[in-house]
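In case you want the letters, here they are:
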Protein chains: 2
Amino acid sequence: MLRIRPTALIAASFALALSISAQAAPPTKAEQTLKYRKSLYQAIAWNFGPMSAMAQGKAPYDAKEFAMRAERVAFLAPMLAEAFPAESKDVAGSELKPEMWANRADFDTKMKDLVDKSAALAKAAKTGDFAKSKAAFFETGNTCKNCHDKYKKD
Amino acid sequence: MLRIRPTALIAASFALALSISAQAAPPTKAEQTLKYRKSLYQAIAWNFGPMSAMAQGKAPYDAKEFAMRAERVAFLAPMLAEAFPAESKDVAGSELKPEMWANRADFDTKMKDLVDKSAALAKAAKTGDFAKSKAAFFETGNTCKNCHDKYKKD
């Protein structure tokens, strides 16, 4: 028979309660910000996908869908502005390289470049001209790459 | 001394390789859709927060911010339309109750209600009238609740 002392049981339930309360602890503001940041990149990437396939000739050009995806990216891009507050600097689980914080002005310029180029992409896509849309898409893609190369962990 | 047979080592590294390759397996379309779905709800919730605080009198009314958040929610809400495709039915990690799939028309009506009410909210918020904005906010919040009560796991 297994004999368990009552004190051991109390200690065990206390440890369990602690672990449950740790799990249920509300996320910090920095953790919420990181979730928001990731959700924006996720939503941008999802809408980038079909445009990328069309621009690369892997899917037939659908002007209406292309314009819809471009408009979404142009709307989502400026929302990233509030996704990198100073308070999120040391949050765990981020793919952001810490050197961004010492190069904030450069990072913000790169972010503005995404906002400007995705706005131009949405405008080009509305014309329904594939060549123009494709060129604007690759220019937008380059703004992603420029920033990721410097500030995103591999 | 611990003696390990070479075959055991090979088996162990094979298991490790398998587990690494399992981790690195690209997400399925259903898993990507679930990530996209969650990212949209996350982005909506983030922008709902400050409006909720203002509507409840927990934060001072800032007409400009309220209108910006309302516009974002109104833009994000219709994006949910492609976040519940049939292929995502059995995806793991979803908070969607399985009964939605047998009540798709009702679910879609509730989703349309969110889209309509959030569009009305964005319109009301643009006027800068707090009473109107607040009323439209609570109406939008109710469309969330109506759907969550029925189709979201606790």
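Structure: see above.
Residues numbered from 1 in each chain as written. Chains lettered and ligands numbered in written order. Predicted model: local features only at pLDDT ≥ 70, side-chain atom pairs only at ≥ 80, totals over all residues. Heavy atoms only, no water.

## Let's talk about the interface of chain A and chain B
Step number 1: Residue-level contacts link 19 residues of chain A with 19 residues of chain B.
Step number 2: The junction of chain A with chain B conceals about 1,700 Å² of combined surface from both sides, 66% of it contributed by carbon and sulfur atoms.
Step number 3: Broken down residue by residue, the surface that chain A buries against chain B is led by Trp46, Arg72 and Phe75 of chain A, which jointly contribute 37%.
Step number 4: Along the contact surface separating chain A from chain B lie 4 salt bridges.
Step number 5: The closest approach of N and O atoms between arginine 72 of chain B and glutamate 82 of chain A, which form a salt bridge, is 2.8 Å.
Step number 6: Run the count over chain A and chain B and you get 8 residue pairs in polar contact (both at pLDDT 80 or more).
Step number 7: At 11 residues, helix 2 (residues 29-55) of chain A tops the list of elements feeding residues into the side of chain A that touches chain B. (Contact = heavy atoms within 4.5 Å. Buried area = accessible area lost by both parts, 1.4 Å probe. Salt bridge = Lys/Arg side-chain N within 4 Å of Asp/Glu carboxyl O. Polar contact = N/O pair within 3.5 Å; in protein donor to acceptor, adjacent residues only side chain to side chain. Helix = DSSP H or I, 4+ residues; strand = E, 2+ residues; numbered from the N terminus.)

## A short note on the relation of the copies chain A and chain B
Step number 1: Mapping chain A onto chain B calls for a screw motion: a turn of 180 degrees about the axis and a shift of 0.0 Å along it, with 0.0 Å RMSD after fitting. The operation mapping one copy onto its partner corresponds to a two-fold rotation axis. Taking the C-alpha atom as reference, chain A places serine 39 of chain A closest to the rotation axis, 2.1 Å from it.
Step number 2: Looking at chain A, 100% of its interface residues are interface residues in chain B too, so the copies touch through the same face. (Least-squares fit on C-alpha atoms with pLDDT ≥ 70 in both.)

## Side note on the environment of lysine 97 of chain A
Residue and element names in this part refer to chain A.
Step number 1: When you line up the elements, lysine 97 lands in the loop between helix 3 (63-76) and helix 4 (104-127).
Step number 2: In sequence terms lysine 97 and histidine 148 are 51 residues apart; their C-alpha atoms lie 9.4 Å from each other.
Step number 3: Excluding residues within four positions of it along the chain, lysine 97 makes contact with Asp149, Lys150, Tyr151, Lys152 and Lys153.

## Overview of the packing of helix 2 of chain A against helix 5 (residues 130-151) of chain A
Residues and elements named next belong to chain A.
Step number 1: Axis separation between helix 2 and helix 5 bottoms out at 10 Å; the angle between their running directions is 135 degrees. In terms of orientation, helix 2 and helix 5 fall into the oblique class. At the point where helix 2 passes helix 5, the crossing takes the left-handed sense. In this structure, helix 2 contributes Tyr41, Phe48, Met51, Ser52, Met54 and Ala55 to the contact, and helix 5 contributes Phe130, Lys134, Phe137, Phe138, Thr140, Gly141, Cys144 and His148.
Step number 2: Here the residues of the contact of helix 2 with helix 5 sort into 9 nonpolar, 4 polar and 1 charged. (Axes fitted to C-alpha atoms, helices over the stretch in contact; angles between N-to-C directions. Parallel < 35°, antiparallel > 145°, perpendicular 65-115°, else oblique. Left-handed = near helix turned anticlockwise from the far one by under 90°. Nonpolar A, V, L, I, M, F, W, Y, C, P; charged D, E, K, R; others polar.)

## Observations regarding the pattern of salt bridges
Step number 1: On inspection of all chains with the given rule, the structure shows 20 salt bridges over all chains.
Step number 2: A salt bridge links arginine 69 of chain A to glutamate 65 of chain A; the shortest N-O distance between them is 2.9 Å. With a gap of 4 residues between them, arginine 69 of chain A and glutamate 65 of chain A both fall in helix 3, about one helical turn apart.
Step number 3: Exposure remark for arginine 69 of chain A: the relative accessible area of 6% places this residue in the buried category.
Step number 4: With relative accessibility at 24%, the residue glutamate 65 of chain A sits in the partly exposed group.
Step number 5: Put simply, Glu65, Arg69 and Arg72 of chain A together with Glu82 of chain B are held in one network by salt bridges that share partners. (Buried < 20%, exposed > 50% of the residue type's maximum accessible area, 1.4 Å probe, protein only.)

## Notes on helix 3 (residues 63-76) of chain B
Side chains of residues three or four places apart in an α-helix project in the same direction, reflecting 3.6 residues per turn.
Step number 1: Under the 1.5 Å per step criterion, the end-to-end length of helix 3 of chain B is 20 Å for 14 residues, consistent within 8% with the ideal 20 Å.
Step number 2: Turning to helix 3 of chain B, its buried residues number three or more, namely Phe66, Ala67, Arg69, Ala70, Arg72, Val73, Ala74, Phe75 and Leu76 of chain B.
Step number 3: The inward-facing, buried residues of helix 3 of chain B abut helix 2 and helix 3 of chain A together with helix 2 (29-55), helix 4 (104-126) and helix 5 (130-151) of chain B.
Step number 4: For helix 3 of chain B, the N-terminal capping position is held by aspartate 62 of chain B, with its side-chain oxygen 3.1 Å away from the main-chain nitrogen of lysine 64 of chain B. (Expected span 1.5 Å × (residues − 1).)

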